[in-house]
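# Residue-level structural notes
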Amino acid sequence: MRATLGIDLGTGSTKAALVDDAGRPVAESWAAHSAAAEVDTRLWWRSTVRAVRGVLAQAGRSCAVAAVGLTGQMHGVVLVDRRLRPLMPAITWASVRSPDEVARLAAPYAASLANPVVAGMPAVTLFLLNRQPTMWNVPIRPGTMSHRRQTAGGLDDTHLALQPKDWLGARLTGEAVTDPTDASATLLWDFDTAGWHRPWVQALGLDAALLPPVAPSDDLRGVLLPAAAAALGLPAGLPVTVGRGDTPAALVGSGTAGRGAGGAQVSVGTGAQICRIVDTVRPDPTRRTHLYCGPGPAQWYAMAATLSAGLALEWVRRVLRVSWPRLYSEAFDCPPGADGVVFLPYLAGERTPYLDPRLSAAWRGLRLEHGRPQLLRAALEGSAFALRDAWDALLAAGHDADAFVLAGGGTMDPRWRQLLADVLRRPLTVTPHGAGSARGAALSAAVALHWFPDLPTAAATAGTPHLVAEPGRHDYAVPLARFRAHSREVSGRGRRGFGGPAR
């Protein structure tokens with residue numbers, strides 16, 4: 001049996017998936033790694049090796065891998081030297097360094113950037129690395145941060161600034177290249193010219209040579225090097241695709257990319273995103289939501305993102321010392337509304353709609369009669385309410401949807417799915433073959449091999465979505481209003497018209 005391998009270098013784990021030449025799943029595996037804002041890339045490599053070897057062991061000797069597709073967490077920065085070796089730990093999207101100075105510089109370029117200036121974007125990260133390299137809590141090799149010419153900034157000795165999946169691609173093939181989906185999510189992309197925004201890069205004081213070349217997602221970046229192949233347990237010389245970011249890869253894996261404009265997806269993992277595919281470049285005039293290059297040609301997607309999904313729930317689980325099964329069982333033994341307890345999940349600040357890295361988390365409304373079940377129920381509800389805030393921002397920008405396809409590893413429990421459907425007030429569906437980013441990466445490799453004539457045909461192998469949660473079991477209007485009142489208080493400002501009712 002021939003198959004393609006998809007590798008998803010996620011925020012908290014690496015996933016690997018095999019699909020056969022008809023797009024059917026063969027095997028899946030994953031391996032955990034650190035989900036911090038600053039990560040040693042050696043941890044990423046180790047989890048990649050474990051995930052790939054795990055999926056190959058499941059598939060058995062009868063499965064012959066024909067190509068490798070790549071995807072991964074977006075918005076990261078991996079600085080590499082001319083031999084493509086990391087110069088320091090990777091900086092991920094979870095970084096909360098202030099973007100205030102970058103936001104001021106961005107004003108003349110706002111229309112062509114088409115996105116808000118928020119913490120965690122590579123433009124912000126690179127600007128701060130260049131201007132204030134000593135603010136980063138990372139070990140720096142001598143010479144990395146411009147010891148020779150201190151006045152010139154902090155990136156003089158860096159060859160390229162890569163996205164996480166592109167660092168992995170360079171490790172696998174020795175070739176450094178990115179794709180439009182990841183490039184457009186750096187806040188360094190010009191949507192008017194569909195290329196790097198060189199005047200804006202210059203305004204940031206950066207060298208445009210730091211940015212890698214851009215190639216189509218389904219093109220081949222190179223072939224698997226012998227050393228990497230030996231570590232992964234694969235034959236050397238396998239073709240490896242350029243790949244795409246994890247959110248657009250999930251749009252492929254779920255089949256949403258094949259359904260064209262209007263297709264919508266909810267992805268819940270370390271963070272959470274709501275995406276809707278569009279066929280025109282139409283930025284949000286309020287700049288509270290994002291617009292990025294989509295998975296297919298002449299596709300884009302509008303996105304509202306929160307930082308408050310699995311990142312916050314994993315913290316709660318760890319602090320309260322419960323397993324995931326116990327978290328769900330205790331939480332759902334408590335009635336909706338958590339007996340008045342509210343959880344604000346802003347442990348890493350928040351993106352949509354607040355765009356504020358300084359927001360902080362809290363449990364509110366605690367009384368003597370409350371215990372762990374109320375804390376857990378409030379944590380799940382708070383994460384869902386934060387996602388509803390993001391959804392209302394998309395609605396205000398003119399992006400509606402009749403239903404969502406579910407993606408991401410954080411939406412398996414049926415009670416959690418029902419809570420999300422009730423809070424978002426939309427039906428939730430899943431596809432027969434799953435909706436993971438790793439599956440989307442494997443399908444990309446199949447397109448590169450011409451097993452499918454185009455990306456929509458490959459995406460269609462996900463199958464027809466079927467309903468898993470219909471909204472209306474519980475009414476969360478009162479708990480949502482309570483959550484928003486507390487959120488306004490910690491944000492220190494009003495909603496500026498945000499938060500209107502959704503149908």
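Look above for the structure.
Heads up: these notes are all about the structure in this document. (Residues numbered from 1 in each chain as written. Predicted model: local features only at pLDDT ≥ 70, side-chain atom pairs only at ≥ 80, totals over all residues. Heavy atoms only, no water.)

### Regarding the packing of aromatic side chains
Defined as follows: Here is the rule: rings of Phe, Tyr and Trp (six-membered ring for Trp) pair when centre to centre is within 6.5 Å. Planes less than 30 degrees apart are stacked, more than 60 are edge-to-face, and the remainder are tilted. Working definition: with a 1.4 Å probe on protein chains only, accessible area under 20% of the residue-type maximum means buried, over 50% means exposed, and in between means partly exposed. Two conditions define a charge located above a ring, namely a distance within 6 Å from the ring centre to NZ of Lys or CZ of Arg, and an angle within 35 degrees of the ring normal.
All chains considered together, the criterion is met by twelve aromatic pairs. An angle of 75 degrees between the planes, with centres 6.0 Å apart, marks the rings of Y346 and Y354 as edge-to-face. Like Y346, the residue Y354 is buried in the burial classification. Among the aromatic residues, ring-to-ring pairing joins Y346, Y354, F385, Y476 and F483 into one connected group. Against the face of W45 rests R171, its NZ or CZ located 4.2 Å from the ring centre.

### Observations regarding helix α1 (residues 41-59)
Along an α-helix, a turn takes 3.6 residues, which lines up residues three or four apart on a common side. Rule in force here: Secondary structure follows DSSP: runs of H or I at least 4 residues long count as helices, runs of E at least 2 residues long count as strands, and numbering of each begins at the N terminus. For a helix, the expected span equals 1.5 Å multiplied by the residue count minus one.
The first and last C-alpha atoms of α1 sit 27 Å apart over 19 residues, in line with the 27 Å expected at 1.5 Å per residue. Taken together, the buried positions of α1 are T41, W44, W45, S47, T48, V49, A51, V52, V55, L56 and A59. Looking one or two places after α1, you find G60, whose phi comes out positive at around 85 degrees.

### Side note on the pairing of strand β5 (residues 64-72)
This is how the line gets drawn: Strand pairing is assigned whenever DSSP identifies at least 2 bridges connecting the two strands.
Of all the nine residues making up β5, seven are buried; the element is thus mostly covered by neighbouring parts of the structure. Relative to β5, strand β1 (residues 2-9) runs parallel, the two sharing eight bridges. Paired with R2 across the two strands is A64, which belongs to β5. Summarising the sheet, β5 and strand β13 (residues 244-245) pair through two bridges and their orientation is parallel. Paired with T71 across the strands is R244, a residue of β13.

### What about the sheet that holds strand β22 (residues 466-469)?
What counts, and what does not: Interaxial angles span 0 to 180 degrees and are taken between N-to-C directions of axes, which are lines fitted to C-alpha atoms, for helices over the stretch in contact.
Read from one edge of the open sheet, seven strands run β16-β17-β15-β14-β20-β21-β22, paired in mixed fashion. Across the chains shown, the open sheet's two edge strands, defined by having one partner strand only, are β16 (290-293) and β22. For this sheet, the mean inter-axis angle between neighbouring strands, taken without regard to orientation, is 35 degrees. Judged from the three bridges that link them, strand β14 (residues 264-268) and strand β20 (residues 404-407) form a sheet pairing that is parallel.

### Thoughts on the nonpolar core
It is characteristic of soluble globular proteins that their nonpolar side chains tend to be buried jointly. Formally: The nonpolar core is taken to be a set of buried Ala, Val, Leu, Ile, Met, Phe, Trp, Tyr and Cys residues, with the residues joined through side-chain atoms within 4.5 Å.
With 57 residues, the main nonpolar core has L79, L126, L188, W200 and L204 as its most contacted residues. Considering every element that reaches this core, the biggest residue donor is helix α4 (residues 122-131), with six residues. Judged by nonpolar contacts, the second largest core, of 52 residues, contains L380, F385, L419 and F483.

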